[in-house]
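Report on the structure
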Amino acid sequence: MLAHALRQDRVYLFGHSNDELSELGWIHFGRYLHQRIAGRPTQYITKKQEFYGRDFAVSRDVLIPRPETEHLVEAALARVRPGDVVVDVGCGSGAIAVTIAVESRARILATDISWGALQVAGANARQLGARVEFVHADLLSCMAPQSTDVVVSNPPYVGLFEAEGMQREVLDYEPHLALFGGEQGTEVYARLVAQAREVLRSGGWLLLELGWKSLDAVSLMLRDGWRDVDTVADLAGIPRVIAARCTP
């Protein structure tokens, strides 16, 4: 936050550690510190978050990209082929869609039901030179049957019953539309799996980020009409990604 207040990077701080803060620097830093003490996440103060080695702009219209979501990107990149049509559902800041677009030679589409999120994602795509087509839509409702090779998503997966125990920084500041997946937290998964079954070509991949208690419920959704179901754990050993192929 101090680097942000001074409009400098961290290297500057190390090289000028004995400098006195200017009055303007104190004013900016004091304001940011007050916001952080009140619970506002640092990323919403600095308006950026690093993801997969790149800086993404963020606002309160989008979730703050988490390092765990990089596992989803890596799993998708391992399955995406040149020329594939890839759809990122609920793109938020565009971190997933933009990263896959930059790291692959696929055609990338990204959907979100939030106009505010699409504006943030579009700005990130332009800033990072990524070719992504953005569509205002509810999940995969904009896609034609059997038109897609890969569907990837970090959907809302928190249950409404869990709200009371959530961190203040998340509950009070991050968009509830992108957080809560229904009363149990699995309702959006169910809709998304059903829609993906319709829009994916035979053998196409569905890749989903998992909540910490979602694996069993989502695995049951992939029991019929799917094959090659696989999970990827994060560095803590928690199942974080599930991937499955659409059967003919």
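Let me sum up the structure you'll find in this document. (Residues numbered from 1 in each chain as written. Predicted model: local features only at pLDDT ≥ 70, side-chain atom pairs only at ≥ 80, totals over all residues. Heavy atoms only, no water.)

**Here we look at the environment of Leu-109**
Relative to the helices and strands, Leu-109 is located in strand β4 (residues 107–112). For Leu-109, a relative accessible area of 8% translates into the label buried. Each C-alpha atom of the pair Leu-109 and Thr-148 lies 9.8 Å from the other, and the pair is 39 residues apart in sequence. Among all residues touching Leu-109, those that are not within four sequence positions of it are Val-85, Val-86, Val-87, Asp-88, Val-132, Glu-133 and Met-143. (Helix = DSSP H or I, 4+ residues; strand = E, 2+ residues; numbered from the N terminus. Buried < 20%, exposed > 50% of the residue type's maximum accessible area, 1.4 Å probe, protein only. Contact = heavy atoms within 4.5 Å.)

**Notes on helix α6 (residues 95–103)**
An α-helix turns once per 3.6 residues; consequently, residues spaced three or four apart project the same way. Buried residues dominate α6, accounting for seven of its nine residues. For α6, the set of buried residues is Ala-95, Ile-96, Ala-97, Val-98, Thr-99, Ile-100 and Ala-101.

**Some words on the pattern of salt bridges**
Taken as a whole and assessed by the stated rule, the structure comprises twelve salt bridges. In this structure, Asp-138 engages Arg-191 in a salt bridge whose closest nitrogen and oxygen atoms are separated by 2.6 Å. You can see Asp-138 sitting in the loop between β5 (132–136) and β6 (148–153) and its partner Arg-191 sitting in helix α10 (residues 187–199), a full 53 residues away along the chain. When the shortest N-O distance is used, the salt bridge between Arg-245 and Asp-228 registers 3.9 Å. Here Arg-245 is found in strand β9 (residues 239–246), whereas its partner Asp-228 is found in strand β8 (residues 226–233), with 17 residues between them in sequence. The exposure class assigned to Asp-228 is partly exposed, which follows from its relative accessible area of 41%. Here the salt bridges do not stand alone but share partners, grouping Arg-227, Asp-228 and Arg-245 into one network. (Salt bridge = Lys/Arg side-chain N within 4 Å of Asp/Glu carboxyl O.)

**Brief notes about the side chain of Asp-234**
Tracing the sequence through the fold places Asp-234 in the loop between β8 and β9. For Asp-234, the residues in contact, after removing those within four places along its chain, are Glu-68, His-71 and Arg-240.

**Considerations on the packing of aromatic side chains**
Within the structure shown, the criterion is met by two aromatic pairs. Aromatic pair Phe-51 and Tyr-52: ring centres 6.4 Å apart, planes at 35 degrees, arrangement tilted. Among the residues examined, Phe-51 registers a relative accessible area of 1% and is labelled buried. Where Phe-51 meets Phe-56, the ring centres are 6.1 Å apart and the plane angle is 80 degrees; that geometry is what we call edge-to-face. In this structure, Phe-51 and Phe-56 share a single accessibility class: buried. Grouped by ring-pair contacts, the aromatic residues Phe-51, Tyr-52 and Phe-56 constitute a single cluster. If you follow Arg-79 out to its NZ or CZ, it ends over the ring of Trp-205, 4.5 Å from the centre. (Phe/Tyr/Trp six-rings, centres within 6.5 Å; stacked < 30°, edge-to-face > 60°. Lys NZ or Arg CZ within 6 Å of the ring centre and 35° of its normal.)

Just distances and angles here, no functional claims.
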